[in-house]
Number of protein chains: 2
Amino acid sequence: MARGREVEETVPVPEITVEKRVTYEAYMRDCPAVSLLSSISTRWVSLTMCTLGVHERPMRYSEVSRNVPGVSQKMLTQTLRGLERDGMVRRTVAPTSPVRVDYELTDLGWNLYGLLAQVRDWAHDNADAVDHARAAYDEL
Amino acid sequence: MARGREVEETVPVPEITVEKRVTYEAYMRDCPAVSLLSSISTRWVSLTMCTLGVHERPMRYSEVSRNVPGVSQKMLTQTLRGLERDGMVRRTVAPTSPVRVDYELTDLGWNLYGLLAQVRDWAHDNADAVDHARAAYDEL
DNA sequence: CAGAATCCTTCACGATACTG
DNA sequence: CAGTATCGTGAAGGATTCTG
């Protein structure tokens, strides 16, 4: 991502042809970091990670479900599967009857949670400021 | 959001009726902090904020556009308007011809950027780890 | 309990065309 | 340059039903 600046500022403008720009933009889109950042930056990932993080212990599926505001069963399953696949969540199935499934953050997930929690706290602390900004904007 | 834990752990289970749960979930959905966190947690907000942040100076519309990988003109405009409305971005129109429009982070936006930049850096640093986790998961 | 599967709706988003 | 307006589509997401 930092390359954007270099290309933009160190390469003489005339040398950035349309073709090169298209290639560059395709690169940015396909850049693993951009792609990963994009996949993290979704409502359900954010809320699910926060829920798993604040509880600091394995949580049953139904428990997660009750603590992620507004999530449907389908989206929660889909989100948890994605997080498991990305190595951020560990899913443990206990062969009881009925089955018991636990979800918990991995070390990788825990690292990310540390950052997301700060964003969550920022949102909590600045909700009022944003509301006022919106009111002022809508006033006009 | 922290109330979720209290309800879950300090209120006797039998007292959580279906009605109360529905009310609680509606509250969570409507909670300003959850709502704000959700609106922040989108791909275009994340990428746009990062672009405005790394450059540390006012940017023209076209310049932002070139530095947010894969964004369409429609989505960029929509995202910038949303950020302006939320008080995170300041939009300045210079009455020249053709018009010149600059976008820059406000103090509020700058605060948030500080946190989002950490998430972006995390994504950059852990893209490989996630890729390996995905490969391992898909192996099965 | 913890989902899978299916259907159906909405809307996020892109493509295109037009404008001051 | 910096948009607005419109249209069309695919994907996101909800509701419902079924299952081990």
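What comes next is a walk through the structure. (Residues numbered from 1 in each chain as written. Chains lettered and ligands numbered in written order. Predicted model: local features only at pLDDT ≥ 70, side-chain atom pairs only at ≥ 80, totals over all residues. Heavy atoms only, no water.)

## Examining the relation of the copies chain A and chain B
Turning to step 1, where the next piece is worked out: Rotating chain A by 180° about the axis while translating it 0.0 Å along that axis superimposes it on chain B, leaving an RMSD of 0.0 Å. The superposition of one copy onto the other is thereby described by a two-fold rotation axis.
Turning to step 2, where the next piece is worked out: Interface overlap between copies is the fraction of interface residues in one copy that are interface residues in the other; for chain A against chain B it reaches 98%, indicating a shared surface. (Least-squares fit on C-alpha atoms with pLDDT ≥ 70 in both. Contact = heavy atoms within 4.5 Å.)

## Let's talk about the packing of helix α3 (residues 32–40) of chain A against helix α4 (residues 43–55) of chain B
Turning to step 1, where the next piece is worked out: For the pair α3 of chain A and α4 of chain B, the least separation of the axes is 8 Å and the interaxial angle reads 130°. Taken together, α3 of chain A and α4 of chain B sit at an angle that is classed as oblique. Viewed along their axes, α3 of chain A and α4 of chain B form a crossing whose handedness is right-handed. Of α4 of chain B, the residues touching α3 of chain A (which contributes Val 34, Leu 37 and Ser 38 of chain A) are Arg 43, Ser 46, Leu 47 and Cys 50 of chain B. (Axes fitted to C-alpha atoms, helices over the stretch in contact; angles between N-to-C directions. Helix = DSSP H or I, 4+ residues; strand = E, 2+ residues; numbered from the N terminus. Parallel < 35°, antiparallel > 145°, perpendicular 65-115°, else oblique. Left-handed = near helix turned anticlockwise from the far one by under 90°.)

## Side note on the sheet that holds strand β2 (residues 89–94) of chain A
Residues and elements named next belong to chain A.
Turning to step 1, where the next piece is worked out: An order of β1-β3-β2 is seen for the three strands of this open sheet, with the pairing classed as antiparallel. Each having just a single partner strand, β1 (59–60) and β2 make up the two edges of the open sheet.
Turning to step 2, where the next piece is worked out: Where β2 lies against strand β3 (residues 100–105), six bridges are found, and the strand directions are antiparallel. From the neighbouring strand, Thr 92 faces β3, where its bridge partner is Asp 102.
Turning to step 3, where the next piece is worked out: Along the sheet, helix α6 (residues 73–85) contacts β2 and β3; its crossing angle with β2, the most-contacted strand, is approximately 110°. (Pairing = 2+ DSSP bridges.)

## A few points about the packing of helix α4 (residues 43–55) of chain A against helix α7 (residues 107–139) of chain A
Residue and element names in this part refer to chain A.
Turning to step 1, where the next piece is worked out: Relative orientation of the contacting elements α4 and α7 amounts to 105°, with a least axis distance of 9 Å. Comparing their axes, α7 and α4 come out roughly perpendicular. On α7, the residues that touch Met 49, Cys 50, Gly 53 and Val 54 of α4 are Gly 109, Trp 110, Leu 112, Tyr 113, Leu 116 and Arg 120.
Turning to step 2, where the next piece is worked out: For the contact of α4 with α7, a count of residues per class yields seven nonpolar, two polar and one charged. (Nonpolar A, V, L, I, M, F, W, Y, C, P; charged D, E, K, R; others polar.)

Interpretation note: all reported values are geometric properties and have no functional meaning in isolation.
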